Amino acid sequence: MRKSDGQRAVLRTVLLVGEGYAEVAFIAHLRSLYPSRGFGLAITVKNARGMGALSVVNFAIRLGQNFDYDFTMALLDSDAGWDDKTQNIARRGKVQVVPCNPCLEAMLLALHGEVQQGRSSSHHKHAFQNKFGKSANDISVYAKNFPKEFLEKARVKSPELESLLALLTSTTNQSP
């Protein structure tokens, strides 16, 4: 990104950590719809490869510190290890966490009007595959079932989606 006087503008660096392959696939889909380059953001996406919320938060903190990102966010499932201790660690480590209750698939199903409270993550993962014909790990499921127009309407009823989209559409003059 260049300023009009010929000097290079400083990009804000953002680390976005997904708990696993499904979260990274969803983030990749969002990045394809909401390009961050014109907004002065350089976004790096990393896969924490699961093992619960605490592991994801610690992974995000380590990467955020080692590479000195301006902002760090983690998208994770709240079904394993998302407790007060992990929330405090995330806060102290300056990681904004977007927890999906109990999992990403539940949030995505809810966007399509399929809310099933009290069900396990395993149930939601199976329900997602049954509804969309593919696992949430498969990036191709998102283009067909989660187009930009749909996401724009759905963001008002999903704080998790709103947090992600606010980050991807923020400008250099705003903090994500």
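Use the structure listed above.
Each chain carries its own residue numbering, running from 1 in the written order of its sequence. Since the coordinates come from a predicted model, pLDDT governs what is reported: local features require at least 70, and pairs of side-chain atoms require 80 or more to be given and counted, while whole-chain, interface and lining totals use all residues. The side-chain numbers reported here are obtained from all heavy atoms of the structure, hydrogens and water having been left aside.

K.L.:
Describe the packing of helix 1 (residues 21-33) against helix 4 (residues 104-111), naming the residues involved and giving the relevant values.
P.N.:
To describe two helices that pack against each other, one gives the angle between their axes and the distance between the axes. The interhelical angle for the contact between helix 1 and helix 4, taken along N-to-C directions, is 45 degrees, at an axis separation of 10 Å. As summarised for this structure, helix 1 and helix 4 are arranged oblique, according to the angle between their axes. Mapping the contact onto sequence places Ala22, Glu23 and Phe26 in helix 1 and Leu104, Glu105, Met107 and Leu108 in helix 4. Lines are fitted to the C-alpha atoms to define the axes, a helix being fitted only along its stretch in contact, and any angle between axes, read from their N-to-C directions, falls within 0 to 180 degrees. Helical segments are the DSSP runs of H or I of at least four residues, strand segments are the runs of E of at least two, and each set is numbered from the N terminus. By definition in this entry, angles of less than 35 degrees are roughly parallel, angles greater than 145 are roughly antiparallel, angles of 65 to 115 are roughly perpendicular, and the rest are oblique. The contact criterion used throughout is that any non-hydrogen atoms of two residues lie within 4.5 Å.

K.L.:
Quick rundown of helix 3 (residues 84-92)? Include the residues and the values.
P.N.:
The set of residues buried in helix 3 consists of Thr86, Ile89 and Ala90. The arc that holds every buried residue of helix 3, seen down its axis, measures 100 degrees, which confines them to one face. Exposed and oriented more than 90 degrees from the buried face of helix 3 are Asp84, Lys85, Arg91 and Arg92. Turning to helix 3, the residues buried within the fold contact helix 2 (53-66) and strand 4 (95-100). Downstream of helix 3 by one or two residues, lysine 94 has phi in the positive range, about 60 degrees. The rule is simple: take the accessible area with a 1.4 Å probe, protein chains only, and divide by the maximum for that residue type; under 20% is buried, over 50% is exposed, in between is partly exposed. Throughout, the arc means that of the directions going from the helix axis to the C-beta atoms.

K.L.:
Could you give me a rundown of the nonpolar core, with the residues and numbers involved?
P.N.:
The nonpolar side chains of a soluble globular protein tend to be buried, and buried together. Here, nonpolar core means buried Ala, Val, Leu, Ile, Met, Phe, Trp, Tyr and Cys residues that are tied together by side-chain atoms lying within 4.5 Å of each other. Membership of the largest hydrophobic core comes to 34 residues, with the highest contact counts inside it found for Phe26, Leu104, Leu108, Phe128 and Tyr142. Not counting residues within four places of it along the chain, the set of residues in contact with tyrosine 142 comprises Ala22, Ala25, Phe26, His29, Leu104, Leu108, Phe128, Ala136 and Pro147. Grouped together as the second largest cluster of nonpolar side chains are 16 residues, Leu15, Leu63, Tyr69 and Leu76 included.

K.L.:
I'd like a rundown of the packing of helix 1 against helix 8 (residues 159-168), residues and numbers included.
P.N.:
Contact geometry of helix 1 with helix 8 gives a least axis separation of 10 Å together with a crossing angle of 45 degrees. Put simply, helix 1 runs oblique to helix 8. Helix-helix and strand crossings are classified by hand; for helix 1 and helix 8 the assignment is right-handed. Two secondary-structure elements touch here, helix 1 through Phe26, Leu30 and Arg31 and helix 8 through Leu161, Leu164, Leu165 and Leu168. Grouping the amino acids of the contact of helix 1 with helix 8 by side-chain chemistry returns 6 nonpolar, no polar and 1 charged. Left-handed is the label given to a crossing in which the near helix is rotated counterclockwise from the far helix by less than a right angle, and right-handed is the label when the rotation is clockwise. Each residue is assigned to one of three groups, with Ala, Val, Leu, Ile, Met, Phe, Trp, Tyr, Cys and Pro labelled nonpolar, Asp, Glu, Lys and Arg labelled charged, and all others, Gly among them, labelled polar.

K.L.:
Give me the lowdown on the packing of aromatic side chains, citing residues and values where you can.
P.N.:
The rule is short: rings of Phe, Tyr and Trp, with Trp giving its six-membered ring, pair when the centres are within 6.5 Å, and they are stacked under 30 degrees, edge-to-face over 60, tilted in between. Evaluation of the coordinates by the stated rule reveals 7 aromatic pairs. For the pair phenylalanine 26 and phenylalanine 146, a centre-to-centre distance of 6.5 Å together with 80 degrees between the ring planes defines the contact as edge-to-face. Residue phenylalanine 26 is found in helix 1, and its partner phenylalanine 146 is found in the loop between helix 6 (140-145) and helix 7 (148-154); the two are separated by 120 residues along the sequence. For the pair formed by phenylalanine 26 and phenylalanine 146, the shared burial category is buried. Measuring from ring centre to ring centre gives 5.4 Å for phenylalanine 132 and phenylalanine 146, while their planes differ by 55 degrees; the resulting arrangement is tilted. Here phenylalanine 146 lies in the loop between helix 6 and helix 7 and phenylalanine 132 lies in helix 5 (residues 121-132), a separation of 14 residues in the sequence. Residue class for phenylalanine 146 comes out buried when judged on its relative accessible area of 0%. An aromatic cluster of three or more residues is present, and its members are Phe26, Phe128, Phe132, Tyr142, Phe146 and Phe150. Ring-over charges, as used throughout, are those where CZ of Arg or NZ of Lys falls within 6 Å of the ring centre and within 35 degrees of the ring normal. For the cation-ring pair, lysine 148 lies above tyrosine 34, with the distance from its terminal atom to the ring centre recorded as 4.7 Å.

K.L.:
Tell me about unusual backbone geometry, and name the residues and values.
P.N.:
Geometrically, the link from asparagine 101 to proline 102 is a cis peptide bond, its omega value of -10 degrees lying close to zero. One can find proline 102 in the loop between strand 4 and helix 4. A positive phi is found at methionine 51, a non-glycine position, where the angle reads about 75 degrees. Mapped onto the elements, methionine 51 comes out in the loop between strand 2 (41-47) and helix 2. For methionine 51, a relative accessible area of 73% translates into the label exposed. Even without being glycine, lysine 94 reaches a positive phi, approximately 60 degrees. Counting through the fold element by element, lysine 94 comes out in the loop between helix 3 and strand 4. Accessibility expressed as a relative area gives 69% for lysine 94, which makes it exposed.

On their own, these measurements won't tell you what the molecule is for.
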